[in-house]
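Topology and contacts: notes
Listed here are the chains, written in short residue letters.
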Amino acid sequence: GFFQSHAVEVELKDASNATCLYGHWMMRFLITYESNNGDYKNTTLNLSSNATHNGSVCGNDTEAALVALQFGDGHSWSINMTKNNETYQGEFITLTYNTNDTTVFPDAKRKGPVTVSVRDPFRPVQLNTIFVCDNSFFIEGENVTEIYWNVTVQAFIQNGTVSKNESRCPSDTPTSAPTVPPTTANVTTASTTTLSPAPTTAPKPVENPDTGNYSLKSGNKTCFLATVGLQLNVSQDKPLLININPKTTIADGACGNTTATLKLNDGNSTLIGF
């Protein structure tokens, strides 16, 4: 309720009424769209309480499993998963958002459904193992940043029993705490692991961040240029300074007539939006 997003819980059963697929997760979508006056605006699409999973199937040795969700005013989301003799794996994650939903897109220039499909970024999971990811992670698509957290999924369940064996995502390290998902596009979220310094050694000062040159193009012309060094000061039990490395940071975004959005993704669960 506080984040205006609802949890998804899906349990599919086969012909013998045995559980064949189980999933529980939360998700949110940050979307950049063009308004009627040519500006590019950011909006947040949250999962609503009226979500259904019509069309979802368990899958088998020859057919992919499919989780298909329908929610809100004409929005939908799906993931298909395949397996081999030893593992199962997500293939494509597909979001269709409806810009006719004036609550989310009050002044969208383009009307109707827009579909964005991306590959599942995670490695295969062993059969009879449940995939777990408590910390938030980001998946970038065309004009969409997909954010997921508190994820628990197992496909191709054997003997109708959800496994107790876990496969953790990279951001779930033993010393990390679950990160708080962002509520708007213009936020900074960092998932980090800290190491306690040796008692007799003073912490090493963090050097100034390297300067990066980040730019966006509209057609063949550069429409946004930022030359900046970025350092994050994360408030935890002990303050943590993080330098953004220009060599591993990807710039994305869009330019409008009167507004522009620059998104920087360092590839390590840190997303910065201007």
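Quick caveat: nothing in here was measured; it's all calculated off a predicted structure.

Here is what the cut-offs are and how they apply
Residues numbered from 1 in each chain as written. Predicted model: local features only at pLDDT ≥ 70, side-chain atom pairs only at ≥ 80, totals over all residues. Heavy atoms only, no water. Helix = DSSP H or I, 4+ residues; strand = E, 2+ residues; numbered from the N terminus. Contact = heavy atoms within 4.5 Å. Phe/Tyr/Trp six-rings, centres within 6.5 Å; stacked < 30°, edge-to-face > 60°. Buried < 20%, exposed > 50% of the residue type's maximum accessible area, 1.4 Å probe, protein only. pLDDT = per-residue confidence, 0-100. Core = buried A, V, L, I, M, F, W, Y, C linked by side-chain atoms within 4.5 Å. Salt bridge = Lys/Arg side-chain N within 4 Å of Asp/Glu carboxyl O. Disulfide = S-S within 2.5 Å. Pairing = 2+ DSSP bridges.

Description of the environment of Phe137
By the secondary structure assignment, Phe137 is in strand 10 (residues 137–141). Separated by 133 residues in the primary sequence, Phe137 and Thr270 place their C-alpha atoms 9.0 Å from one another. Each residue touching Phe137, except ones within four places of it in the same chain, is listed here: Phe122, Glu146, Ile147, Tyr148 and Val151.

Comments concerning the environment of Pro170
By the secondary structure assignment, Pro170 is in the loop between strand 12 (166–168) and strand 13 (188–189). Setting aside chain neighbours within four positions, we find Pro170 in contact with Phe122 and Arg123.

Some points on the packing of aromatic side chains
Across all of its chains, the model carries 9 aromatic pairs by this definition. A centroid spacing of 5.3 Å and a plane angle of 85° characterise the contact between Tyr33 and Phe105, whose relative ring orientation is edge-to-face. Of this pair, Tyr33 sits in strand 2 (residues 19–34) while Phe105 sits in the loop between strand 6 (87–98) and strand 7 (113–119), placing them 72 residues apart in sequence. In this structure Tyr33 comes out as buried when scored by relative accessible area, which is 7%. You can call Phe105 buried: its relative accessible area is 0%.

Description of the confidence of the model for the chain
The predicted model of the chain averages 84 in pLDDT, with 84% of residues at 70 or higher. A low-confidence stretch, residues 183–200 stays under pLDDT 50, and its non-local contacts, those more than four residues away or across chains, total 46 contacts.

Looking at the nonpolar core
Formed by 44 residues in total, the largest nonpolar core has its most connected members in Trp25, Met27, Phe29, Trp77, Met81, Tyr97 and Tyr148. At 7 residues, strand 2 tops the list of elements feeding residues into this core. The contacts of Trp77, once residues within four sequence positions are left out, are Trp25, Met27, Phe29, Val67, Ala68, Leu69, Phe71, Ile93, Thr94, Leu95, Glu146 and Tyr148. Formed by 14 residues, the second largest nonpolar core is a distinct cluster that contains Tyr214, Phe224, Ile242 and Ile244.

Let's talk about the pattern of salt bridges
For the structure on display, the rule yields 9 salt bridges. The partner of Lys41 in a salt bridge is Asp107, and the shortest N-O contact between them spans 2.6 Å. Placement of the pair is Lys41 in strand 3 (residues 40–46) and Asp107 in the loop between strand 6 and strand 7, with a sequence separation of 66 residues. Between Glu91 and Arg119 there is a salt bridge; the shortest N-O distance is 3.6 Å. Here the residue Glu91 occupies a position in strand 6, and Arg119 occupies one in strand 7, the gap between them amounting to 28 residues. Here the residues in one salt-bridge network are Asp134, Glu166, Arg168 and Asp172, joined through shared partners.

Some details on the state of the cysteines
Inspection of the entire model under this criterion finds 3 disulfides. Here Cys20 is linked by a disulfide to Cys58, with a sulfur-sulfur distance of 1.7 Å. The chirality of the disulfide connecting Cys20 with Cys58 is left-handed, given an S-S dihedral of about -45°. Separated by 38 residues along the polypeptide, Cys20 in strand 2 and Cys58 in the loop between strand 3 and strand 4 (65–71) bring together distant segments of the chain. The exposure classification of Cys20 matches that of Cys58, with both residues buried. Paired by a disulfide, Cys133 and Cys169 hold their sulfur atoms 2.0 Å apart. Its S-S torsion of approximately 75° makes the covalent link between Cys133 and Cys169 right-handed. Here Cys133 is found in strand 9 (residues 130–133), whereas its partner Cys169 is found in the loop between strand 12 and strand 13, with 36 residues between them in sequence. Taken as a pair, Cys133 and Cys169 share a single burial class, namely buried. For the chain, the bonded cysteines connect in the pattern 1-2, 3-4, 5-6 when numbered consecutively along the sequence.

Considering the pairing of strand 4
Among the 7 residues of strand 4, 5 are classified as buried, and the element is accordingly described as predominantly covered. As paired strands, strand 4 and strand 5 (residues 75–83) are joined by 7 bridges and run antiparallel to one another. The partner of Ala68 across the bridge, within strand 5, is Ser78. Between strand 4 and the antiparallel strand that follows it, strand 5, lie 3 residues; Gly72 among them carries a positive phi value of about 60°.

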